[in-house]
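Coordinate inspection notes
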Amino acid sequence: MKNKRIILIIIAICLSCNIKAQDIIAKSSNNIGAAGILSIDVVDVLQSINPSIYSNAKGLNVSVSYTLPYHLTDLGQAQAKAVYSFPWATVHASVNKNGCSESSFTSFGGGLSRSFGFLGIGIEYNAIIHQMPFSERCISSFSRFGFHAKPNDKWTLAVAVHNIEKRGFEYDYYDFDIESYLFASAKWKGNSYFSLLCEVEKGWNHDANYKVATTIFPCKQLNTTIGFATLGHSLSAGIGYQNKLLMLHVGISYHEQLGVTSSASVTIHNIFNIK
């Protein structure tokens, strides 16, 4: 049983580093429950990796989440994020930790975003530390850039680039590239109860991953998501509760080779302006 667990961990680490970069790109429950869509807001503007999306936030917003890839605690992902909207721009900061005592990645990032009418633009910079056994560590960095456009009340289009400068880790005996990714997405809001989302994710060294999801609001306080991604033929679902201040959300997905990934998040919105 122990050997099987070790083999699963090795397979998952290889897939996460070389296919989905999950050790670098932290995901929250909104992403997990909606086919892994990352570059546009599914339900919560804080749960996107596209820094331009944060320009839609108001006041002070904070979020924490925990994701358990393939139900292996050695691959657990913890994430905290804060976004504050000034009159001139929106600033954000985040910290993510992924992995276990044997090997973990910790990243610290921050950035700026701003809206210009129907167009939003954002950029962020992240420092990342790879902690290894025997107190060995390697430090690198990467940036993200994104923009989104909302030409009308129905449509939102978004593009995000991860690691645009193609940085990587320089270990003592070898180098490891942090793979660059391009995300392009669209969101169509049918009405106040229903939305459709799609995204194409293209890694620099890998085939494109196509994702589609739908969001349903059965009532003002509840939201549900259902999604499908071509990578791993992954099925996903999520459910959340929200009011003026608080959003609680859980998401789950199933990869045909590696099994179940689950996630939960808590977000507090617009702290200074709640009435």
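Attention here is on the structure that accompanies the text. Here the structure is a predicted model, which means the values were calculated and not measured.

Some remarks on the overall build of the protein chain
Secondary structure assignment for the protein chain yields two helices and 16 strands. Computed over the C-alpha atoms, the radius of gyration of the protein chain is 18 Å, within 12% of the 19 Å expected from 2.2 N^0.38 for a compact globule of 275 residues. If you line up the protein chain on its principal axes, its C-alpha atoms span 55 × 40 × 35 Å. Every one of the 275 residues in the protein chain was classed for burial, and the buried ones make up 49%. Put simply, of all contacts in the protein chain between residues at least 6 apart along the chain, 46% involve residues at least 24 apart. Carbon and sulfur atoms provide 65% of the accessible area of the protein chain, an area that totals close to 13,400 Å². Mean positive and mean negative side-chain charge positions of the protein chain (22 and 18 charges, respectively) differ by 13 Å.

Section: the packing of aromatic side chains
For the structure on display, the rule yields six aromatic pairs. Taken together, the ring pairs in this structure connect Tyr84, Phe86 and Trp88 into an aromatic cluster.

A look at the environment of glycine 99
Its place among the elements puts glycine 99 in strand E3 (residues 90-99). When its relative accessible area of 23% is taken as the criterion, glycine 99 is described as partly exposed. As a C-alpha pair, glycine 99 and alanine 78 span 21 residues in sequence and 9.1 Å in three-dimensional space. In this structure glycine 99 touches Thr73, Asp74, Leu75, Gly76 and Ser104, once residues within four positions along its chain are discounted.

A few points about empty space enclosed by the protein
As enumerated under the stated definition, the model contains six cavities of 30 Å³ or more in all. What the second largest cavity holds in volume is close to 70 Å³. Ala26, Ser48, Ile49, Tyr54, Gln79, Lys81, Ser94, Asn96, Glu124 and Arg144 together form the lining of the second largest cavity. For the lining of the second largest cavity, the secondary structure elements donating two or more residues are strand E2 (77-85) and E3. Partitioning the lining of the second largest cavity into residue classes produces three nonpolar, four polar and three charged.

Observations concerning the layout of surface pockets
Within this model, the largest pocket holds a volume of roughly 1,200 Å³. Surrounding the largest pocket, 35 residues form its lining, Val43, Val45, Lys189, Gln242 and Met247 being those nearest its centre. When contributions to the lining of the largest pocket are tallied by element, the ones reaching two or more residues are strand E7 (155-162), strand E10 (181-191), strand E12 (208-219) and strand E15 (246-255). A per-element tally of the lining of the largest pocket places E10 first, with three residues.

Considering the side chain of serine 94
Note that serine 94 resides in strand E3. Here serine 94 is in contact with Ala80, Lys81, Ser107, Phe108, Gly109 and Asn126, once residues within four sequence places are set aside.

Some points on the nonpolar core
With 16 residues, the main nonpolar core has Ile37, Ile40, Val42, Val43, Val45, Val83 and Leu197 as its most contacted residues. Those residues in contact with valine 45 that sit more than four places away from it in its chain are Ile53, Tyr54, Asn56 and Ala57. The next biggest cluster of nonpolar side chains, apart from the first, holds nine residues, and it includes Ile24, Met132, Cys138 and Phe142.

Looking at a nonpolar patch on the surface
There is a patch of nonpolar side chains on the surface, built from Phe116, Ile121, Ile123, Phe145, Phe147 and Ile164 and spanning about 530 Å² of accessible area. Elements with a minimum of two residues in the nonpolar patch: strand E5 (119-131) and strand E6 (137-149). Mapped onto the elements, phenylalanine 147 comes out in strand E6.

What counts, and at which threshold
Residues numbered from 1 in each chain as written. Predicted model: local features only at pLDDT ≥ 70, side-chain atom pairs only at ≥ 80, totals over all residues. Heavy atoms only, no water. Helix = DSSP H or I, 4+ residues; strand = E, 2+ residues; numbered from the N terminus. Rg over C-alpha atoms; globule rule 2.2 N^0.38 Å. Buried < 20%, exposed > 50% of the residue type's maximum accessible area, 1.4 Å probe, protein only. Contact = heavy atoms within 4.5 Å. Areas by Shrake-Rupley, 256 points an atom, 1.4 Å probe, with all protein chains shown as cover. Lys, Arg positive; Asp, Glu negative; His and termini not counted. Charge placed at Lys NZ, Arg CZ, Asp CG, Glu CD. Phe/Tyr/Trp six-rings, centres within 6.5 Å; stacked < 30°, edge-to-face > 60°. 1 Å grid on protein atoms, 1.4 Å probe; cavity = no way out; pocket = protein on both sides within 12 Å on 5 of 7 lines; lining within 4 Å. Points joined across faces, edges and corners; volume = space filled by probe spheres on them. Nonpolar A, V, L, I, M, F, W, Y, C, P; charged D, E, K, R; others polar. Core = buried A, V, L, I, M, F, W, Y, C linked by side-chain atoms within 4.5 Å. Patch = residues over 30% accessible without salt bridge, like charges linked within 9 Å, V, L, I, M, F, W, Y side chains within 5 Å. Salt bridge = Lys/Arg side-chain N within 4 Å of Asp/Glu carboxyl O.

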